[in-house]
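# Structural features, examined
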Amino acid sequence: MSQQDLQKTGFHIEGIRKQFPVLRESAYGHPLAYFDNAATTQKPQVVIDAINLYYSTYNANIHRGVHYLSQKASQAYDNVRTGVATFINASSDKEIIFTRGTTESINLVASTFGKKFLKQGDEIIITAMEHHSNIVPWQIACESSGATLKVIPMNDSGELDLASLNSLITNRTKLISVVHTSNSLGTVNPIAELIRIAKQFNIPVMIDAAQAMVHEIIDVQKLDCDFLAFSGHKMLGPTGIGVLYGKSEWLEKLPPYQGGGEMISSVSFEKTTYNEIPFKFEAGTPNIAGVIGLGAAIDYINDLDRELIHQHEMALLKYATTQLKNIPGLRIIGESTNKEAVISFVIEGLNALDVGMYLDTKGIAVRTGHHCTEPVMARFGIPGTIRASFLFYNTTEEIDRLVKGIHEAKKLLGS
Ligand code: PMP
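Numbering of residues starts from 1 in every chain and runs along the sequence as written. Note on the predicted model: pLDDT of at least 70 is required for a residue's local features to be given, and 80 or more for side-chain atom pairs to be given and counted; whole-chain, interface and lining totals, by contrast, use all residues. Calculated side-chain values reflect all of the structure's heavy atoms, with hydrogen atoms and water omitted.

## Considering the site of the ligand
This is how it is decided: Any residue with a heavy atom lying within 4 Å of a molecule or strand is counted as near it. Whenever a nitrogen or oxygen atom comes within 3.5 Å of another N or O atom, the pair is scored as a polar contact, on the condition that within protein one atom can donate a hydrogen and the other can accept it, and that pairs from neighbouring residues in sequence are kept only if both atoms are in side chains. Calculation of accessible area relied on Shrake-Rupley with a 1.4 Å probe; when residues are assessed, cover is drawn exclusively from the protein chains displayed. Put simply, the grid is 1 Å and covers the protein atoms alone, a cavity is a trapped set of points that fit a 1.4 Å probe, a pocket is an open set with protein on both sides within 12 Å along at least five of seven lines, and lining residues have an atom within 4 Å of a point. Pocket or cavity membership: a molecule qualifies when more than half of its atoms sit within 2 Å of the grid points of that site. Put simply, Ala, Val, Leu, Ile, Met, Phe, Trp, Tyr, Cys and Pro go in the nonpolar bin, Asp, Glu, Lys and Arg in the charged bin, and everything else, Gly too, in the polar bin.
In the region of the ligand, 13 residues are neighbours, and T103, D208, Q211, S231 and K234 sit closest. The separation between a nitrogen atom of the ligand and a polar side-chain atom of D208 is 2.5 Å. Within the contact set of the ligand, an oxygen atom lies 2.7 Å away from a side-chain nitrogen or oxygen of H233. Compared with its free state, where it exposes 390 Å², the ligand has 85% of that area covered by protein. In a pocket analysis with a 2 Å cut-off to the grid points, the ligand is assigned to the largest pocket. Of the residues assigned to the shell around the ligand, the class counts are 2 nonpolar, 9 polar and 2 charged.

And the structure:
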């Protein structure tokens, strides 16, 4: 669908852009073109206002105070837990644990599941396109338990070889942890199909949904995943807050992750008993402002026409892919038929960092490097890529500036 056709449907890009104050900024005298959304998204004014309102009118610690402010803050915090549960269709608020982000959510599961269920000779399966945060925690868990890590390979287009899953699964497979949407390739993995296969063998599945939440509607009950992790800052919310969803039957079985206040039922020097879920996993004063900001981000997303937003992002992906492919020497890394609006590319004879730095001087923000997916880079035999990742507030005019900037960089940097 063209931008004009989208306008006719009621999607008004200028109105949307006005809600994101950072998008009015300029960089080195140029209007900012922000294409680093896979690293973190910009925040709408409503999210900034919600955090501001908390700190300026009802800042208090939660759950242990009888006073007015504490009750107001506790209510706001608890409401967001309900909002998150509804957003991903969890069957209960108890299945929502607030963490620092996707990284901490995965570490929580790898550490506690590892302690309780992993033994010498057991196996964990991940994929060839995981972010380091869905590799290293499992390596640590394997190291301390004697389990081994197995990897589902991918093809040259950056698509998982799901057919190999059946041969990787054995009676020692204890869990499969897989990224929903690759941050460096854009690939959207066939998660539902993967879970269907895993369930035939009764193997629990964890989903890294860091890149999925803002783009896709996620229904954990429909997916039937056992754990799902995501970060607030990649879905219009603040940094330092994230979510671990876990089926309550799993969360009941797992030991605590950290010890401290809130996660206990009673403490004595002889014996400590733990709080019920989800509090068992939320030791210490949480990121209250972060939770409130995440709640505002979810409200904002819920108010969007998500189908239209997705169509716009797909139109941006298609437009940018066509334009970039016309540039001689440019090669796109990750050409799955099912992608989110992320384009990773290399340019023959040019260093990715040099290109990124040149684009920056024109106010165009891209990311360069391995994007915390070194095994993906190794699979494609490259040190890194230039990555442009789009969100619904991006425009085709901004993509035109990106394309122009790359042509200039090629001339200047000698490709
Ligand atoms: N998984 C994926 C696919 C990601 O893109 C990221 C962030 N780049 C993470 C995990 C880690 O997220 P966070 O840094 O917010 O914990």
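After that view of the structure, there is still more to cover.
## Topic: the pairing of strand β14 (residues 342-347)
Put simply, side chains in a regular strand alternate between the two faces of the sheet. The condition is simple: Summary of the burial criterion: residues with accessible area below 20% of their type's maximum are buried, those above 50% are exposed, and those between are partly exposed, where the area comes from a 1.4 Å probe applied to protein chains only. Elements are defined by DSSP. Helices are runs of H or I of four residues or more, strands are runs of E of two residues or more, and each kind is numbered from the N terminus. When DSSP finds at least two bridges between two strands, those strands are taken to pair.
The buried count for β14 comes to 6 of 6 residues, which makes it a mostly enclosed element. Where burial is concerned, the two faces of β14 agree: the one with V342, S344 and V346 and the one with I343, F345 and I347 are both buried. Here β14 pairs with strand β17 (residues 385-389) via 4 bridges, running antiparallel. The residue of β17 that forms the bridge with V342 is S389.

## Side note on the domain arrangement of the protein
What counts here: Domain delimitation follows an automatic or database domain assignment. The quantity reported as buried area is the accessible area (1.4 Å probe) lost by two parts once they are put together, taken as the sum for both. When a carboxyl oxygen of Asp or Glu is within 4 Å of a side-chain nitrogen of Lys or Arg, the pair counts as a salt bridge.
Taken domain by domain, the protein consists of domain 1 (3-31 + 305-414) and domain 2 (49-302). Taking only C-alpha atoms into account, the centre of domain 1 sits 29 Å from that of domain 2. Summed over the three residues of domain 1 that lose the most area to domain 2, namely R306, E340 and R379, the buried surface amounts to 29% of that side. Counting across the domain 1 and domain 2 interface gives 1 salt bridge. Of the charged contacts, one joins R379 and D156 as a salt bridge, the two residues approaching to 2.8 Å between their closest N and O atoms. In this structure, the connection of domain 1 to domain 2 is made through 20 residue pairs in polar contact (both at pLDDT 80 or more). Sorting the residues of the side of domain 1 that touches domain 2 by element identifies α12 (306-325), β14 and α14 (374-380) as the ones contributing at least two each.

## Thoughts on the packing of aromatic side chains
Here is the rule we go by: What counts as a ring pair is set by centres within 6.5 Å for rings of Phe, Tyr and Trp (its six-membered ring), and what kind of pair is set by the plane angle: stacked under 30 degrees, edge-to-face over 60, tilted for all other angles. By definition here, charges over rings are those cases where NZ of Lys or CZ of Arg is within 6 Å of the ring centre and within 35 degrees of the ring normal.
Under the criterion given, the structure shown has 12 aromatic pairs. Consider the rings of Y54 and Y58, whose centres lie 5.2 Å apart with planes at 80°: the pair is edge-to-face. Among the aromatic residues, ring-to-ring pairing joins F20, Y300, F392 and Y393 into one connected group. If you follow R379 out to its NZ or CZ, it ends over the ring of F380, 5.4 Å from the centre.

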